[in-house]
Amino acid sequence: MAEHVLDSPPPGAGADWTIPQDWEAFTAEEHDTWNILFERQTALLPGRACEAYLRGLDVLRLSRPGIPDYRELNARLGDATGWQVVAVPGLVPDDVFFDHLANRRFVAGNFIRRPDQLDYLQEPDVFHDVFGHVPMLADPVFADYMEAYGKGGLRSLGFGSLDKLARLYWYTVEFGLVREAGGLRLFGSGIVSSRGESLFALDSDSPNRLGFDLERVMRTRYRIDDYQQVYFVIDSFADLLAATVETDFAPLYERLASLPDLAPDALLDDDEVLTRGTQAHATERAPA
Ligand code: HBI
Ligand code: FE
């Protein structure tokens, strides 16, 4: 079980699970870990991440290196789109998570991976949450999308359809690609915060790459322990926002309840296929 997942608010935390960041408590080694990851990813992402992400990176360039001090970060992010980052111990319950998003607060795990975990860890640490998510929150259209998503998440709880809506988050916010400059660019936080997946998601012939379709995404299961077997491609953030704000989710949840889920490597006749993947990566990783 992940070490930072609690089943009730930590001692001293509010009912919203937030805790003080206590920036002064981070050690030199923890700041060094952030700096190593930050330098590595910012060298790799130009030409790979979308323009909105690369522009948003500026909000993270603070007066001191190392793990961002939210007192300074939130002044800059707040000026850009009214979003704030709040510290939490780790994963928080879905309803708490959605309520924060609906109020333009992004929750960030208040720990950073160990030096021997540089390339991968399953839980969202401060590097994934802040380096991965914050630059996109500085983009006005995406900032609106994330608030709309939070409000939709709270509504989905009433339909018992959180699992379907979580797939929308997963295949856009965490692992989304966008068409840009005649090619594909990264915007998913799970991708841009990972060196391996920043390469794999664009360069590998293993995964499928499909045109974004809301119902298709919400039918498609995902894996949390390896690179994705499918990436969905949006045309623009305005399109993604429109799909979320203009859809009446009640009949969509009804329809989804009667349709079978799809495996991550599924291909349907009416899919817009940009890449028909070999699934070689998943096959080689399959348990013996
Ligand atoms: N908690 N800290 C944290 N970070 C997340 O990304 C997160 C969460 N709780 C729930 C959650 N995500 C999921 O419900 C979403 O992926 C839909
Ligand atoms: Fe995330």
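Preceding block: the structure.
Let us look at unusual backbone geometry. Located in the positive-phi region is R104, a residue other than glycine, with phi close to 60°. Take R104: it is sitting in the loop between α4 (94-102) and β2 (105-109). Of note in this structure, Q279 is not a glycine but carries a positive phi near 60°. Checked against the element boundaries, Q279 lands in the loop between β7 (273-275) and α13 (280-285).

Looking now at the environment of Y253. Along the chain, Y253 turns up in helix α12 (residues 249-258). Leave out the neighbours within four places in its chain, and Y253 touches S156, F159, S161, K164, L165 and M218.

Surrounding the iron ion (ligand 2) are the protein donor atoms H128 (NE2), H133 (NE2) and E174 (OE), at 2.0 to 2.1 Å. Sequence positions of the residues that donate to the iron ion (ligand 2) give the spacing H-x4-H-x40-E.

In this section: the sheet that holds strand β6 (residues 230-234). Ordered in space as β4-β3-β6-β5-β7, the five strands form an open sheet in which the pairing is mixed. Here the strands that pair on one side only, and so sit at the sheet edges, are β4 (183-186) and β7. Neighbour to neighbour, the strand axes of the sheet diverge by 35° on average, direction disregarded. Here strand β5 (residues 208-211) runs beside β7; their pairing, made up of two bridges, is antiparallel. When the bridges of β7 are listed, L210 appears paired with V273.

This paragraph deals with α4. Those residues of α4 that sit buried are V96, F97, F98, H100, L101 and A102. The inward-facing, buried residues of α4 contact β1 (84-88), β2, α6 (140-159) and α7 (162-174). Of the residues one or two after α4, R104 is the one with positive phi, at around 60°.

Okay, the pattern of salt bridges next. The full count for this structure, using the stated rule, is 21 salt bridges. A salt bridge links E147 to R104, with the shortest nitrogen-to-oxygen separation between them at 2.5 Å. One end of the pair, E147, is in helix α6; the other, R104, is in the loop between α4 and β2, with 43 residues separating them in the sequence. Residues E147 and R104 agree in their burial class; the two are buried. For R114, the salt bridge is made with D116, and the minimal N-O distance between the two is 3.0 Å. Given the relative accessible area of 43%, R114 is considered partly exposed. Note on D116: relative accessible area 59%, which makes it exposed.

What follows covers the side chain of H133. Examined against the element boundaries, H133 turns out to sit in helix α5 (residues 126-137). Side-chain polar atoms of H133 contact the side chain of E174, separated by 3.1 Å.

It is worth spelling out the site of ligand 1 at this point. Within the structure, ligand 1 sits among G90, L91, V92, D94, F97, F98, V107, Y149, A166 and Y169. One of the backbone N or O atoms of G90 is found 3.0 Å from a nitrogen atom in ligand 1. For ligand 1, whose accessible area on its own is 390 Å², the fraction buried by protein is 89%. Mapped by element, the contributors of at least two residues to the shell around ligand 1 are α4 and α7. Here the element with the most residues in the shell around ligand 1 is α4; it accounts for three residues.

Conventions we followed
- Residues numbered from 1 in each chain as written.
- Chains lettered and ligands numbered in written order.
- Predicted model: local features only at pLDDT ≥ 70, side-chain atom pairs only at ≥ 80, totals over all residues.
- Heavy atoms only, no water.
- Helix = DSSP H or I, 4+ residues; strand = E, 2+ residues; numbered from the N terminus.
- Contact = heavy atoms within 4.5 Å.
- Donors = N, O, S within 2.8 Å, 3.2 Å for Na, K, Ca; no water.
- Pairing = 2+ DSSP bridges.
- Axes fitted to C-alpha atoms, helices over the stretch in contact; angles between N-to-C directions.
- Buried < 20%, exposed > 50% of the residue type's maximum accessible area, 1.4 Å probe, protein only.
- Salt bridge = Lys/Arg side-chain N within 4 Å of Asp/Glu carboxyl O.
- Polar contact = N/O pair within 3.5 Å; in protein donor to acceptor, adjacent residues only side chain to side chain.
- Near = heavy atom within 4 Å.
- Areas by Shrake-Rupley, 256 points an atom, 1.4 Å probe, with all protein chains shown as cover.

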